[in-house]
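The residues making up each chain are set out below.
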Amino acid sequence: MSVYGNNQQSSPKRLRIRHIQAMKDQGQPISALTSYDALSARIFAEAGIDILLVGDSAANVVFGRASTLSMSLNEMAVLGRAVADAAPRPLVVVDLPFGSYEVSCEQGVQSAIELMKATGADAIKLEGERPELIRAIVQAGIPVMAHLGFTPQSEHALGGFVVQGKGEARETLFQSARRVEEAGAFAVVLEMVPQEIAGEISAALRIPTIGIGAGNATDGQILVWTDAFGLGQGRAPRFVRRFADVASVLDQAAREYIQEVHARTFPAEAESFSDTEER
């Protein structure tokens, strides 16, 4: 948990991008999780999380789809509104989904404006090295979080879930990080990047880096919350640590509920109403 999460006296009521920058400047690690609904957002906010990302990974963990590519701007808007309303303190960032910014800068700016108006979020995130688009969105008054390394919206072009920035691609990734910073991004996610290059980028950039599968030398860390807390299906990525086994708790609770219903021990008398009770 961050310093802001632990120290209530020094904790701002609402985290802004300047607070996130100050954390990097002061060497304070930044905590981030995904969230797609009011319930999880409220819990994570009360725990002291710094950043909540309404990721297009909702396609997988909320809607059960095979990839993130099918997410629409409207779907992201509905999820983003729920998170932003429930968690006013963390910095809330919403993904621009695939197809909402690839055509032109004009399309990307319009999509970002629509998403910010619909959600009440603090910033948007977009994938890939797109300095012109980042610059245009920032000039429109919208903070942008960049995303480099493995970018899920480009999984087919990248040849699947493959570590990025290795070998000759190391310098290319480094320069991409430089360019998104120069374009005005306030932070950059580094996904599935060798920890050495992630550390070098983090040391070289002024803006914070948020790692996922990029080692512990980045300025912060993010995980998909259902992976981190044991609610995901199937095998978790190598870079995921499971901090809880929520699926087992829900499974056991559901089984007990079913048994109680079948045995007619739920609802009991204390959970039922009588016609003699005062209204």
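Residues numbered from 1 in each chain as written. Predicted model: local features only at pLDDT ≥ 70, side-chain atom pairs only at ≥ 80, totals over all residues. Heavy atoms only, no water.

1. Things to note about the overall build of the protein chain
Consideration 1: Looking only at helices and strands, the protein chain has twelve helices and eight strands in total.
Consideration 2: In summary, the protein chain has a C-alpha radius of gyration of 21 Å against a globular reference of 19 Å for 279 residues, a match within 12%.
Consideration 3: Expressed along its principal axes, the backbone C-alpha trace of the protein chain runs to roughly 75 × 40 × 35 Å.
Consideration 4: Per-residue burial over the protein chain gives 49% buried out of 279 residues.
Consideration 5: Long-range contacts, defined here as pairs at least 24 residues apart, represent 56% of the contacts in the protein chain between residues at least 6 apart.
Consideration 6: Accessible area of the protein chain: about 14,500 Å², with a carbon and sulfur share of 53%.
Consideration 7: Of the charged side chains in the protein chain, 25 are positive and 34 negative, and the gap between their average positions amounts to 5 Å. (Helix = DSSP H or I, 4+ residues; strand = E, 2+ residues; numbered from the N terminus. Rg over C-alpha atoms; globule rule 2.2 N^0.38 Å. Buried < 20%, exposed > 50% of the residue type's maximum accessible area, 1.4 Å probe, protein only. Contact = heavy atoms within 4.5 Å. Areas by Shrake-Rupley, 256 points an atom, 1.4 Å probe, with all protein chains shown as cover. Lys, Arg positive; Asp, Glu negative; His and termini not counted. Charge placed at Lys NZ, Arg CZ, Asp CG, Glu CD.)

2. A look at the side chain of Q21
Consideration 1: The topology assignment puts Q21 in helix α2 (residues 17-25).
Consideration 2: The class of Q21 is buried, set by a relative accessible area of 14%.
Consideration 3: Within the local environment of Q21, its side chain forms a polar contact with the side chain of D25, the two groups lying 2.9 Å apart.
Consideration 4: Beyond its immediate stretch of four places on either side in the chain, Q21 contacts F186, R206, I207 and P208. (Polar contact = N/O pair within 3.5 Å; in protein donor to acceptor, adjacent residues only side chain to side chain.)

3. Regarding the side chain of S40
Consideration 1: Examined against the element boundaries, S40 turns out to sit in helix α3 (residues 38-47).
Consideration 2: The class for S40 is buried, based on a relative accessible area of 6%.
Consideration 3: Residue contacts for S40: discarding those within four places in its chain leaves S35 and W225.

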